[in-house]
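# A structural walkthrough
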Amino acid sequence: MTKHHAAPGISGRIFGLETEYGLLVQGSGPEELMEESRLLVAAYPGVWAGPWDYRSEDPRRDTRGFRVDHLSYDHTDAAYDRPDRGSHLTGEQQRSDRVLANGARLYNDHGHPEYSTPECRSLRDLVAHDRAGERIILECARLREREIGRAVSLFKNNTDFHGASYGCHENYLCRRDVPFEKLLNGLLPFLVTRILFAGAGKTGVETGGGPLAKECLFQLSQRADFFTEIASVDTLAKRPIFNTRDEPHADPRLWRRLHVICGDANLSEFATALKVGTTSLVLDLIESGWEPLFRLRDPVKALQSVSRDPSFRWLVELDDGRTLRATDLQRIYLRDAQALLAGGDVDTDWTLREWERVLADLDRDPFAAEDRLDWVAKRKLLETYIEAEGLWWEDPALRSLDLAYHDLDADQGLYAALEEAGQIVRLVDEERITCSTQRPPSDTRAAVRGELVRRFGPEAARIGWSRVGFKGGDRPHWAPLPVELGSEGVSALLSRLGAVKTVPEALRCLREESGEVDDPQRI
Amino acid sequence: MILKGFEIRGQERIQRPTPQEPFTRPGDGDGPKAPNVKRPDPSDLLKRMRRVDPDQARRYRQRSGE
């Protein structure tokens, strides 16, 4: 450990998840997924506003202080976009963005229905909204089924087993004054090894190369095969462990948004909470001045070797030549987090306690965590099936069972069966999940966004994470959504908004609360 | 411990004591909570696994995600 001072704890940070769902429509192929995904999103029956405020975004801007002229793309995937398959719709129309009354964003992201949770400050809120996204997208699928008379299936996973991967990205608001190198060096060993508890599990290896590619029949992570770089701005190809996209969705002088793309989509509520809770605590450490006294020799190789290690020893090589178990590397982060952050808030203490318990289980007997971790639960299921049916791990049917684990259909999904059977630890109840499909968290700007959608949705011209533009003349009339809003600020703002009846009154109210001069023509 | 297709070298592991405290305790405030976990009937899970179309993964094709 180096010099440090106390950090605020998990409730002091804003975070969210964006999940791209796998989509299977009976009778349709991958070349039709862009349209199928668009139509699924368009089936959303609830209150929404749009279109999205794309002017606030620039995915080519790198947090290291430059902008790339293009992003890498997947040549195999690009073949689905041949000109003769082109759509008459604009890119924006294809994306079909909907901002929902719970503050979330629902849209078609490159052939995947994607649900971005509203901004959250508590792990329980995050889990509830992540699961609310499952319910919302599943409802859209059921409506599409009725419309077209064909089966529509959704999978919360990250691979199609044919080389295409899609993400579950995490977002964490971070301080801008922490140098990039400190963020990178502090996070890399953690991100590489957290698949021990955050991996969703996968049968086999898809890329054909890298460590243990021939020996591996089951690995911890869905995504590890698809990462080839340490840090870059790309997300579609040449994927990096540390994504450097610089879109803070907040005042860029004060904030960065850490965009983590190397994680798996978790079905387990516990794994989702532990993944986000531990990552938030590591960011607390780094923001307090903490720096790790070690680096991985080859982070990409380490990610794959930990994921694929059939011995469960999970060894990683440090740049000084030492070899360390990944559980022990995680424990270095844990011990320092316990020393510096314990007592910060209830989520911090829950995370510290469960992090320690999971690492102990992984050292002693990984299968003791089958009620909490996706990869363990999946592996146990597959072993049960192999034993009962007399199969071997190489049997191709196992990939279908792997896929079925992630099926959102309560009557088909294997995770759903475990949950129904009470075999999986739950963190939120159904009532809270249902409530989260309609209501935003009460302690972030999402509450204001949701209120504006609910009351003034049809009058929105553009809507995004950090501002809302209302129709009026040639240009939208913008109202800011400050990321700094906390529970008290939200409550005061909602109280004032409750008293206004028109959009101009709402605009004035929002601008006054954010300290901005009221200028209706401002962009 | 030998599983079909896997060799797990449990004896090479570092052994550490496991915390004895329960997963959640009364007074955890508003942090995440876990209900009691019941054991399922394994035959029900097997039935569902046997219903899975073994060719489903072969037909499953997706676009790469952004």
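Residues numbered from 1 in each chain as written. Chains lettered and ligands numbered in written order. Predicted model: local features only at pLDDT ≥ 70, side-chain atom pairs only at ≥ 80, totals over all residues. Heavy atoms only, no water.

### Here we look at the overall build of chain B
Along its length, chain B carries two helices and two strands. In chain B, the succession of α and β elements from N to C terminus is β-β-α-α. In chain B, which comprises 66 residues, the share counted as buried stands at 32%. Per element, the accessible surface of chain B, about 4400 Å² overall, is 50% carbon and sulfur. (Helix = DSSP H or I, 4+ residues; strand = E, 2+ residues; numbered from the N terminus. Buried < 20%, exposed > 50% of the residue type's maximum accessible area, 1.4 Å probe, protein only. Areas by Shrake-Rupley, 256 points an atom, 1.4 Å probe, with all protein chains shown as cover.)

### A closer look at the confidence of the model for chain A
This prediction gives chain A a mean pLDDT of 94; 96% of its residues lie at or above 70. Contacts for the low-pLDDT stretch residues 1-6 of chain A, under 50 throughout, to residues beyond four places or in other chains number 17 contacts. (pLDDT = per-residue confidence, 0-100. Contact = heavy atoms within 4.5 Å.)

### With respect to the packing of helix H16 (residues 487-499) of chain A against helix H17 (residues 503-513) of chain A
Working note: a packed helix pair is described by the angle between its axes plus the distance between those axes. All names here are of chain A. Remark: H16 packs on H17, axes separated minimally by 9 Å, with the N-to-C direction vectors making an angle of 155°. Taken together, the axis directions place H16 and H17 in an arrangement best described as roughly antiparallel. Here H16 and H17 pass one another in a crossing that is right-handed. Residues Leu493, Arg496 and Leu497 of H16 lie in contact with H17, whose contacting residues are Ala506, Cys509, Leu510, Glu512 and Glu513. Here the contact of H16 with H17 is composed, by residue class, of five nonpolar, no polar and three charged. (Axes fitted to C-alpha atoms, helices over the stretch in contact; angles between N-to-C directions. Parallel < 35°, antiparallel > 145°, perpendicular 65-115°, else oblique. Left-handed = near helix turned anticlockwise from the far one by under 90°. Nonpolar A, V, L, I, M, F, W, Y, C, P; charged D, E, K, R; others polar.)

### What about the domain arrangement of chain A?
Residues and elements named next belong to chain A. The domain boundaries assigned to chain A delineate domain 1 (10-434) and domain 2 (445-514). One C-alpha centre belongs to domain 1, the other to domain 2; they are set 31 Å apart. Listed by partner, the interface residues are 28 residues for domain 1 and 20 residues for domain 2. Both sides of the domain 1 and domain 2 interface together cover about 1900 Å² of buried area, and 58% of this is carbon and sulfur. For the pair domain 1 and domain 2, the interface holds four salt bridges. A salt bridge links Glu119 to Arg449, with the nearest nitrogen and oxygen atoms 2.6 Å apart. Between the two partners, domain 1 and domain 2, sit 12 residue pairs in polar contact (both at pLDDT 80 or more). (Domains from an automatic or database assignment. Buried area = accessible area lost by both parts, 1.4 Å probe. Salt bridge = Lys/Arg side-chain N within 4 Å of Asp/Glu carboxyl O. Polar contact = N/O pair within 3.5 Å; in protein donor to acceptor, adjacent residues only side chain to side chain.)

### Points about the layout of surface pockets
Residue and element names in this part refer to chain A. Looking at the largest pocket, its volume works out to about 730 Å³. Around the largest pocket, the lining comprises 41 residues; the ones closest to its centre are Glu18, Glu57, Arg245, Glu247 and Arg257. Elements represented by at least two residues in the lining of the largest pocket include exactly strand S1 (15-20), strand S7 (105-109), strand S8 (112-116), strand S10 (168-175) and strand S15 (255-260). In this structure, the second largest pocket occupies an estimated 630 Å³ of space. Surrounding the second largest pocket, 29 residues form its lining, Ala250, Asp251, Ser466, Pro480 and Glu516 being those nearest its centre. At the level of elements, strand S20 (477-480), H16 and H17 are the ones that each hand at least two residues to the lining of the second largest pocket. Here the lining of the second largest pocket is composed, by residue class, of 14 nonpolar, five polar and 10 charged. Here the lining of the second largest pocket gathers at least three residues from each of two domains, domain 1 (10-434) and domain 2 (445-514). (1 Å grid on protein atoms, 1.4 Å probe; cavity = no way out; pocket = protein on both sides within 12 Å on 5 of 7 lines; lining within 4 Å. Points joined across faces, edges and corners; volume = space filled by probe spheres on them.)

### With respect to unusual backbone geometry
Residues and elements named next belong to chain A. Residues Gly50 and Pro51 are joined by a peptide bond in cis, for which omega reads -5°. You will see that Leu212, though not glycine, has its phi angle at about 60°, which is positive. Mapped onto the elements of the fold, Leu212 is located in the loop between strand S11 (202-203) and strand S12 (218-219). Since its relative accessible area comes to 27%, Leu212 is described here as partly exposed.

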